[in-house]
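# Fold and geometry: a report
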Amino acid sequence: MGDIINGFDLMDVVTKGVKPPNCDETLQIEVTDAHDGIARGIWRVDEKFINGLGVAMGGFVASAADIMMAYAVASKISEEQTFTSIDLHTTYHRPVMKGEVIVEAKVERIGRRTAYLVADLFQNDKKTASVVSSVLIISR
């Protein structure tokens with residue numbers, strides 16, 4: 001199961017240790033688990049992600065959630081299906097600083113054409129952001 005684009009299956013990253021997509025490596029995010037619509041990972045935030053105010057740029061925070069939501073939905077769909085995010089809403093609860101951030105994503109509801117996901121990001125056991133996404137499922 002998973003999302004195959006040009007022969008790439010996200011679930012192979014989780015189950016077979018296949019090299020992740022470039023965006024995962026660029027963002028320094030590592031998926032640690034993905035099954036049954038739930039995905040967890042670690043985002044390693046360093047100075048590359050820090051803005052002029054000394055905190056992680058909000059777009060990077062949203063991107064970390066979007067990546068982990070991709071793994072969550074990939075764990076729920078068939079190999080013949082693919083997907084893309086069509087809407088992303090991010091609520092920031094506190095700043096993300098340098099260090100490790102735990103990212104947890106979950107498929108809340110999935111239908112024939114649309115899935116709804118949520119992701120929460122935690123640093124030092126405190127929620128830093130919540131992200132809600134609508135994902136369009138495209139059957140081949």
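Residues numbered from 1 in each chain as written. Predicted model: local features only at pLDDT ≥ 70, side-chain atom pairs only at ≥ 80, totals over all residues. Heavy atoms only, no water.

## Description of the pattern of salt bridges
Defined as follows: Counted as salt bridges are all cases of a side-chain nitrogen of Lys or Arg within 4 Å of a carboxyl oxygen of Asp or Glu. Residue burial is assigned from relative accessible area. The probe radius is 1.4 Å, only protein chains are included, and a residue is buried under 20% of its type maximum, exposed over 50%, and partly exposed in between.
Counting across every chain of the model gives seven salt bridges. One salt bridge in this structure joins K16 and D12, with 3.6 Å as the shortest N-O distance. For K16, a relative accessible area of 62% corresponds to the exposed category. Between D33 and R40 there is a salt bridge; the shortest N-O distance is 3.7 Å. A cluster of three or more residues bridged by salt bridges with shared partners is formed by E30, R44 and E100.

## Quick look at the confidence of the model for the chain
To be explicit about the condition: For every residue, the pLDDT score states the predictor's confidence, bounded by 0 at the bottom and 100 at the top. Helix and strand assignments come from DSSP, with helices taken as H or I runs of at least 4 residues and strands as E runs of at least 2, each series counted from the N terminus.
In this model, the chain carries an average pLDDT of 92, and 94% of its residues clear a pLDDT of 70 or more. When pLDDT is averaged over each helix and strand of the chain, the minimum, 47, is found for strand β1 (residues 4-5) and the maximum, 98, for strand β4 (residues 38-45).

## Here's the deal with the sheet that holds strand β7 (residues 114-123)
Rule in force here: The pairing criterion is simple: DSSP has to find at least two bridges between the two strands. Angles shown run from 0 to 180 degrees and are taken between the N-to-C directions of axes, each axis being a line fitted to C-alpha atoms and, for helices, limited to the stretch in contact. Any two residues whose heavy atoms approach within 4.5 Å are treated as being in contact.
The strand order across the open sheet formed by six strands is β3-β4-β6-β7-β8-β5, and the pairing between neighbours is antiparallel. Two strands lie at the open edges of the sheet, namely β3 (29-35) and β5 (81-92), each paired on one side alone. Sheet twist, expressed as the mean angle between neighbouring strand axes with direction ignored, is 20°. Sheet topology note: the β5/strand β8 (residues 126-139) ladder contains 11 bridges and is antiparallel. Opposite T82, over in β8, you have I138 as the bridge partner. The strands that helix α3 (residues 58-74) touches are β3, β4, β5, β6 (99-110), β7 and β8; relative to β5, the one it contacts most, it runs at about 140°.

## Structural notes on the packing of aromatic side chains
Our working definition: For Phe, Tyr and Trp, rings pair up if their centres lie within 6.5 Å, where Trp contributes its six-membered ring, and each pair is then called stacked (planes under 30 degrees apart), edge-to-face (over 60) or tilted (otherwise).
Across all of its chains, the model carries two aromatic pairs by this definition. On the numbers, 5.1 Å between centres and 80° between planes, the contact of F49 with F60 is edge-to-face. Here F60 lies in helix α3 and F49 lies in the loop between β4 and α3, a separation of 11 residues in the sequence. Take F49: its relative accessible area is 3%, and that puts it in the buried class.

## Looking at α3
Heads up, the condition is: To estimate how far a helix should reach, multiply one less than its number of residues by 1.5 Å.
Taking 1.5 Å per residue as the helical rise, α3 with its 17 residues ought to reach 24 Å, and the 25 Å between its terminal C-alpha atoms agrees with that figure. Judged by how many residues are buried, α3 sits mostly within the fold: 12 of 17 residues are covered. Considered for burial, the residues of α3 that qualify are V61, A62, A64, A65, I67, M68, M69, A70, Y71, A72, V73 and A74.

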